[in-house]
Amino acid sequence: MLVLSRKEGDQVLIGENIIIKVISIEKDCVKLGIDAPKNVKVLRYELLQEVKNENVEALQGKERLSKIKDLKEILSDEQG
């Protein structure tokens, strides 16, 4: 990982066509501007992680529901 110190207005070039610019620095918040081609996805990492976690939770919920249905069928068969 490359760690840089930048001042307001400074820029970083990634590859040949992605520019990261420090727009402002206020207290504990740094505002960045990202200039990238339209075919390059620019995502907030924490939002991507949140969506992944929600997908995992949803999948686990489906697995639990399936197990409950299986248990219900087993109990119905034993009673009948």
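For clarity, every value in this text was computed on a predicted model and none was experimentally measured. (Residues numbered from 1 in each chain as written. Predicted model: local features only at pLDDT ≥ 70, side-chain atom pairs only at ≥ 80, totals over all residues. Heavy atoms only, no water.)

**Thoughts on the overall build of the protein**
Within the protein, the secondary structure is distributed over one helix and three strands. The order of helices and strands in the protein, counted from the N terminus, is β-β-β-α. For the C-alpha atoms alone, the extent of the protein along its principal axes is close to 75 × 30 × 20 Å. When each of the 80 residues of the protein is scored for burial, the buried share is 5%. (Helix = DSSP H or I, 4+ residues; strand = E, 2+ residues; numbered from the N terminus. Buried < 20%, exposed > 50% of the residue type's maximum accessible area, 1.4 Å probe, protein only.)

**A short note on the sheet that holds strand β1 (residues 11-14)**
One open sheet holds the three strands; their spatial order is β1-β2-β3, and the pairing between them is antiparallel. Each edge of the open sheet is held by one strand with a lone partner, namely β1 and β3 (29-35). Here the average twist between neighbouring strands, direction ignored, is 25 degrees. Relative to strand β2 (residues 18-26), β1 runs antiparallel, the two sharing four bridges. Its bridge partner being in β2, Val12 is matched across the sheet by Ile20. (Pairing = 2+ DSSP bridges. Axes fitted to C-alpha atoms, helices over the stretch in contact; angles between N-to-C directions.)

**Here's the deal with the domain arrangement of the protein**
The assigned domain composition of the protein is domain 1 (8-39) and domain 2 (43-79). Computed over C-alpha atoms only, the centres of domain 1 and domain 2 are separated by 39 Å. (Domains from an automatic or database assignment.)

**Here we look at the pattern of salt bridges**
Scanning the entire structure with this criterion turns up two salt bridges. When the shortest N-O distance is used, the salt bridge between Asp10 and Arg6 registers 3.8 Å. On the accessibility criterion, Asp10 (25% relative accessible area) is partly exposed. In this structure, Arg44 and Glu46 form a salt bridge, with 2.9 Å as the shortest nitrogen-oxygen distance. (Salt bridge = Lys/Arg side-chain N within 4 Å of Asp/Glu carboxyl O.)

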